[in-house]
Amino acid sequence: MAFMTIADRTPHPRELMLLSLVGAALFFGGWQLIAISGAVSPQTLPSPIAVIATAWQLAFEPFAGHTLIEHIVASLGRFAMGFGLAAVIGVPLGLAMGRFRLLDDIVSPIFEALRFIAPLAWVPFAALWFGTGIGGPVMVIFAGAFPPCLINAYRGAKLVEVRLVEAAQTLGAGGLRIMAEVLLPGALPSIVAGLRVSAGLAWQSLVGAELIVASAGIGYVMVQAQSNLAPAIVMAGMLSVGVIGLAIDVALRRAERLVKSRWGQA
Amino acid sequence: MKDIRFENVTKSFPTRSGTPFVAIHDVSLAVAEREFVAVVGPSGSGKTTLMRMAAGLDHPSEGRVRVGGREVTAPGPDRAVVFQQFALFPWKTVRQNIAFGLRCKGVARARQDEIVAHYLRLMSMEGTEDRFPHQLSGGMQQRVAIARSYAIEPDVLLMDEPFGALDAQTRTVMQEELVRLTRREPRTVLFITHAVDEAVYLADRVVVLARDPGRLREIVEIRPVREAEQWDERPIDEVMDLPSFTHLRTQVWRLLRDQIRPDD
Amino acid sequence: MHGLPQADPTRVPAGHAAAVALRRRPQLPQLQISRRVWIGLASLAGTFLLWWLLTDVTGAIGPHRFPAPAEFWAALVQIATDGYAGGTLLTQAWYSTRLVIMGFLVAIATGVPLGLLMGVSHRAEALLNPAFLLVRPIPPLAWIPLAIVWLGLGDAAKILVIWFAAFVPSVINTWTGVRGVDRTLIAAARVHGAGELRLLWEVIIPGSLPMMFTGLRLSLQASWTTLVAAELVGAFFGLGRVLDAAYRDINPPMIAVAMLAVGVLGALTTRLVAVAERRLIPWRS
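Only a predicted model underlies this, so the values are computations on that prediction, with no experimental measurement involved.

Trainee: So what's going on with the packing of helix α5 (residues 123–130) of chain A against helix α6 (residues 135–159) of chain A? Residues and values would help.
Mentor: Packed helices, taken two at a time, are described by their axes: the angle between them and the distance between them. Residue and element names in this part refer to chain A. At a closest axis distance of 8 Å, the pairing of α5 and α6 adopts a crossing angle of 150°. Classified by chirality, the crossing of α6 by α5 is right-handed. Residue-level contacts link V123, F125, A126, W129 and F130 of α5 to G135, G136, M139 and V140 of α6.

Following this line, the structure appears as structure tokens:
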């Protein structure tokens with residue numbers, strides 16, 4: 001089975017690394033060549049070098065009102081608010097729903113009914129209620145980030161052995177203490193996994209919201225660039241979005257690993 | 001039918017610390033055609049490694065493994081394996097699992113059905129053709145795994161602690177059935193186990209391995225005694241009560257005992 | 001027919017008892033199942049009541065912010081019969097659904113094979129990974145402006161973005177599924193004589209199906225989210241267009257109707273995938 005290495009021996013790591021380098025070179029090289037060759041106009045496909053140069057330039061020269069860095073900060077601020085809100089409301093609620101059947105029965109139908117509405121479908125109402133201020137994007141981000149927080153906290157709470165809760169009860173712990181000292185630590189691995197998914201969705205919803213209803217931020221930059229037919233700026237924006245999204249994901253993956261190593265898997 | 005030859009086989013695995021871990025050291029062993037050889041040894045003596053090399057799933061660092069005179073390089077249907085965890089395809093029915101190897105060989109559908117029916121009958125599993133593995137008990141699953149390997153009429157049958165995952169009662173039943181099957185359709189069998197009872201009951205010869213490093217300790221002949229006392233004509237509980245049986249079992253056990261450490 | 005044993009009328013016929021035993025359903029008291037349903041219904045009814053109270057009755061939430069139930073109903077009727085922003089509810093919904101289906105199908109047709117390729121061959125994975133890693137963290141929505149620059153405001157741009165949104169989860173989940181196949185099963189196939197093609201078709205693909213379906217579900221979700229966004233940014237037709245037009249007209253009831261339509265379609269398509277999953281994966285892995 002020379003081709004299907006999964007059924008045979010894994011190739012040498014050095015060979016794999018070489019192949020990765022070749023792959024990267026082919027990708028960027030190919031892109032650069034196509035852009036330079038003139039087969040496609042630079043108005044349509046800027047070269048990778050042009051994109052990076054543009055990004056660098058925008059970091060210091062304002063476009064659509066602010067420098068790229070200022071736009072990024074604005075985006076991150078909204079992200080933090082929306083994500084933070086979703087976590088602060090979603091996680092405790094999920095835990096409580098996992099613990100108290102009645103609450104689960106009451107909230108679940110409402111949650112399930114609203115859950116399938118794509119987060120961005122909230123944009124019109126968000127715009128109607130908050131204009132282009134910060135409230136709009138935050139609401140949309142919240143809509144996207146909330147479900148994973150809730151669901152994972154709920155699942156995590158359910159996974160915590162009933163025996164542990166009973167043990168705490170027999171030792172005299174009240175409802176709140178049980179939630180904080182038994183359910184929360186027990187559900188933590190699941191919660192952190194949910195936070196990671198939630199952050200990803202939050203970041204995506206943010207970008208989407210800024211495409212439509214914002215006056216600053218990376219999404220706004222990209223939409224403006226699109227109207228001005230400046231794909232290099234659009235791609236610079238995409239690059240920033242990708243890099244930051246990746247950074248957030250990496251950070252949360254580390255947090256996940258930390259929790260797993262100290263607490264073990266739920 | 002083919003024979004198995006291990007010729008001065010050594011297998012070592014590289015470790016992080018640099019010094020390689022020697023799983024098997026200079027083992028030479030021959031399993032004759034249609035002979036049933038059981039391999040016993042403490043954990044870490046390399047029993048499974050030996051089997052995997054005969055199967056072609058692993059390769060010796062030194063020495064050679066030959067089956068039917070030809071060196072083993074890759075897995076193939078002439079050397080069927082029965083795994084401890086059954087390894088039945090969960091998405092295939094009993095019939096489809098047993099017929100798998102036959103289809104690889106290109107056997108005609110009608111003949112496939114015949115063969116499947118034959119083995120189901122032999123193993124008292126009629127009526128289960130269309131069930132999925134998860135609907136069967138452990139014992140039944142292992143029967144299907146054995147049937148699957150037997151169906152392709154392999155020249156060599158390699159069995160890696162096939163009854164290890166079963167409970168004691170089912171295990172005993174399976175041992176009896178395997179004896180019936182192998183005496184009726186004899187094949188070259190290499191049977192790995194850590195249960196001495198099982199080894200002595202099933203095999204023509206019992207190979208005892210030692211560990212640190214894994215190597216051949218001694219080989220105990222069973223067949224002459226078994227045939228003289230007609231074990232195959234008697235039920236398993238009676239056999240395991242016979243003085244001839246207990247004598248051989250103790251012999252093997254003694255060879256193993258002084259290798260067992262308190263932390264095992 | 002003498003000679004046959006008489007059936008004892010006091011004993012339960014063997015067939016029925018066996019059937020009952022086979023079904024092995026956990027014995028939940030009837031009361032408990034109904035309770036959950038009752039509370040759920042009460043909860044929804046309560047929410048509806050609250051909605052009505054806040055809007056129609058007290059006017060605490062003005063009609064320019066959120067529609068009252070009556071207004072919502074009127075808007076629903078309007079779009080269903082006369083239409084809005086260029087088409088009736090059905091035509092608009094179908095337009096959007098069509099785009100989602102097209103993008104989704106192209107995405108799995110390209111994503112699943114790529115995931116399989118990268119899964120079975122470490123070499124292919126090493127070669128293709130850099131490009132994939134670069135493109136992957138970019139949220140699908142971020143492709144919308146670029147897609148519009150390239151392809152304009154028509155359908156093509158939408159399909160491109162939907163394709164991209166659904167592509168990534170398909171690849172990743174298929175890849176994960178392949179790597180997750182029990183190695184012993186692969187060994188079992190090989191020792192029984194399976195060649196590469198048979199191994200792929202009869203062992204690796206069935207073994208990866210559960211994970212693949214998770215990928216399909218995620219892809220579908222992503223497709224809907226992306227479509228709505230793309231249509232909001234700029235479109236001539238579709239549910240997103242309805243949303244956009246309702247927003248510009250400051251027509252909250254219509255906004256709510258469009259949102260509901262999007263939600264219902266999302267739930268329906270997800271349900272379809274779940275049904276397909278149950279039929280294609282009848283075994284428990």
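Don't stop here, the text continues.
Trainee: Kindly report on the sheet that holds strand β8 (residues 188–192) of chain B, identifying the contributing residues and their values.
Mentor: Residue and element names in this part refer to chain B. Spatially, six strands are ordered β6-β7-β8-β3-β9-β10 in an open sheet, and the strand pairing comes out mixed. The open sheet terminates on both sides in strands that have one partner only, identified here as β6 (79–82) and β10 (215–221). Taking the axes of each pair of neighbouring strands and ignoring which way they run, one obtains an average angle of 20° across the sheet. Bridge count for β6 against strand β7 (residues 156–160) is four bridges, and the pairing is parallel.

Trainee: Describe the pattern of salt bridges, naming the residues involved and giving the relevant values.
Mentor: What the rule picks out here adds up to 34 salt bridges over all chains. Across the pair R196 of chain A and E256 of chain A runs a salt bridge, and its minimum N-O distance is 2.7 Å. Remark: E256 of chain A occurs in helix α10 (residues 231–263) and R196 of chain A occurs in helix α8 (residues 175–212); sequence separation between them is 60 residues. Using a relative accessible area of 12% as the deciding quantity, one classes E256 of chain A as buried. Through salt bridges with shared partners, one network takes in R183, D204, R223, R226, E227 and D232 of chain B.

Trainee: Any details on the pairing of strand β4 (residues 62–67) of chain B? Residues and values, ideally.
Mentor: Residues and elements named next belong to chain B. With five bridges connecting them, strand β1 (residues 4–13) and β4 associate as antiparallel partners. The residue of β4 that forms the bridge with T10 is E62. Judged from the two bridges that link them, β4 and strand β5 (residues 70–71) form a sheet pairing that is antiparallel. Residue pairing in the sheet places V67 in a bridge with R70 of β5. Counting the residues that bridge the hairpin from β4 to β5 gives two residues, and of these G68 lies at a positive phi of roughly 60°.

Trainee: Describe the interface of chain C and chain A, naming the residues involved and giving the relevant values.
Mentor: On the side of chain A, 60 residues touch chain C, which itself brings 65 residues to the contact. Counting the surface lost from both chain C and chain A, the interface buries some 5500 Å², and carbon and sulfur atoms represent 75% of this. Looking only at chain C, the three residues that lose the most surface to chain A are R36, R123 and M259 of chain C, adding up to 12% of its buried area. For the pair chain C and chain A, the interface holds one salt bridge. The shortest N-O distance in the salt bridge between E15 of chain A and R123 of chain C comes to 2.5 Å. Inspection of the chain C/chain A interface yields eight residue pairs in polar contact (both at pLDDT 80 or more). For the side of chain C that touches chain A, the per-class residue count stands at 43 nonpolar, 13 polar and nine charged.

Trainee: Break down helix α1 (residues 13–37) of chain A for me, with residues and values.
Mentor: Residues and elements named next belong to chain A. When the terminal C-alpha atoms of α1 are compared, their 35 Å separation across 25 residues agrees well with the 36 Å that a helix rising 1.5 Å per residue should span. Of all the residues in α1, the buried ones are L16, G23, W31, Q32 and A35. Backbone geometry just downstream of α1 places G38 in the positive-phi region, at approximately 90°.

Conventions we followed
Residues numbered from 1 in each chain as written. Chains lettered and ligands numbered in written order. Predicted model: local features only at pLDDT ≥ 70, side-chain atom pairs only at ≥ 80, totals over all residues. Heavy atoms only, no water. Axes fitted to C-alpha atoms, helices over the stretch in contact; angles between N-to-C directions. Helix = DSSP H or I, 4+ residues; strand = E, 2+ residues; numbered from the N terminus. Left-handed = near helix turned anticlockwise from the far one by under 90°. Contact = heavy atoms within 4.5 Å. Pairing = 2+ DSSP bridges. Salt bridge = Lys/Arg side-chain N within 4 Å of Asp/Glu carboxyl O. Buried < 20%, exposed > 50% of the residue type's maximum accessible area, 1.4 Å probe, protein only. Buried area = accessible area lost by both parts, 1.4 Å probe. Polar contact = N/O pair within 3.5 Å; in protein donor to acceptor, adjacent residues only side chain to side chain. Nonpolar A, V, L, I, M, F, W, Y, C, P; charged D, E, K, R; others polar. Expected span 1.5 Å × (residues − 1).

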